[in-house]
Amino acid sequence: MSDHRVIWLQPRCYEEAGEDRHWCQDDQGPCEDCGMPSVKYILASQHEAEIAKLREQLGKAKSALFRIMDLAEAPASEGLLDEIQRITEVALSDEKNT
Ligand SMILES: [Zn+2]
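Residues numbered from 1 in each chain as written. Predicted model: local features only at pLDDT ≥ 70, side-chain atom pairs only at ≥ 80, totals over all residues. Heavy atoms only, no water.

Draft legend 1. Molecular detail of the overall build of the protein. Secondary structure assignment for the protein yields three helices and three strands. Ordered by position from N to C terminus, the α and β elements of the protein give β-α-β-β-α-α. Relative to the 2.2 N^0.38 estimate, which gives 13 Å for 98 residues, the radius of gyration of the protein is 19 Å and therefore markedly larger than a compact globule would have. Counting only C-alpha atoms, the protein reaches 55 × 35 × 15 Å along its principal axes. The buried share among the 98 residues of the protein stands at 13%. Sequence separation of at least 24 residues holds for 38% of the intrachain contacts in the protein that already meet a minimum separation of 6. Entry remark: accessible area of the protein is about 7,900 Å², with carbon and sulfur atoms responsible for 53%. (Helix = DSSP H or I, 4+ residues; strand = E, 2+ residues; numbered from the N terminus. Rg over C-alpha atoms; globule rule 2.2 N^0.38 Å. Buried < 20%, exposed > 50% of the residue type's maximum accessible area, 1.4 Å probe, protein only. Contact = heavy atoms within 4.5 Å. Areas by Shrake-Rupley, 256 points an atom, 1.4 Å probe, with all protein chains shown as cover.)

Draft legend 2. Spatial organisation of the coordination of the zinc ion. For the zinc ion, the full set of protein donor atoms is Cys-13 (SG), Cys-31 (SG) and Cys-34 (SG), and the range of their distances to it is 2.2 to 2.3 Å. Every donor residue of the zinc ion comes from the same chain, spaced as C-x17-C-x2-C. Here Cys-13 is found in helix α1 (residues 13-16), whereas its partner Cys-31 is found in the loop between β2 (23-24) and β3 (39-42), with 18 residues between them in sequence. (Donors = N, O, S within 2.8 Å, 3.2 Å for Na, K, Ca; no water.)

Put into structure tokens, the structure is as follows:
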């Protein structure tokens, strides 16, 4: 059996409901009853790269937020909401491309 880079454990609510939680190589999605997500585990050797990726995404989200806050201090204008929408879409598309 090869090492999986990522493996998933069923949501914690399964245990609270008295059921065993099972591991799966694919995300089975959130609990159908309460929406609690599965827990993602990554191989220890992938940890640093994963943290770096999350830090980069956080940095992009922070800069998008600061730009939106700058706009919020500007006088309200017709184009303000469009600009906030555009900044948000750019931040989200960057996130998808990483
Ligand atoms: Zn549940």
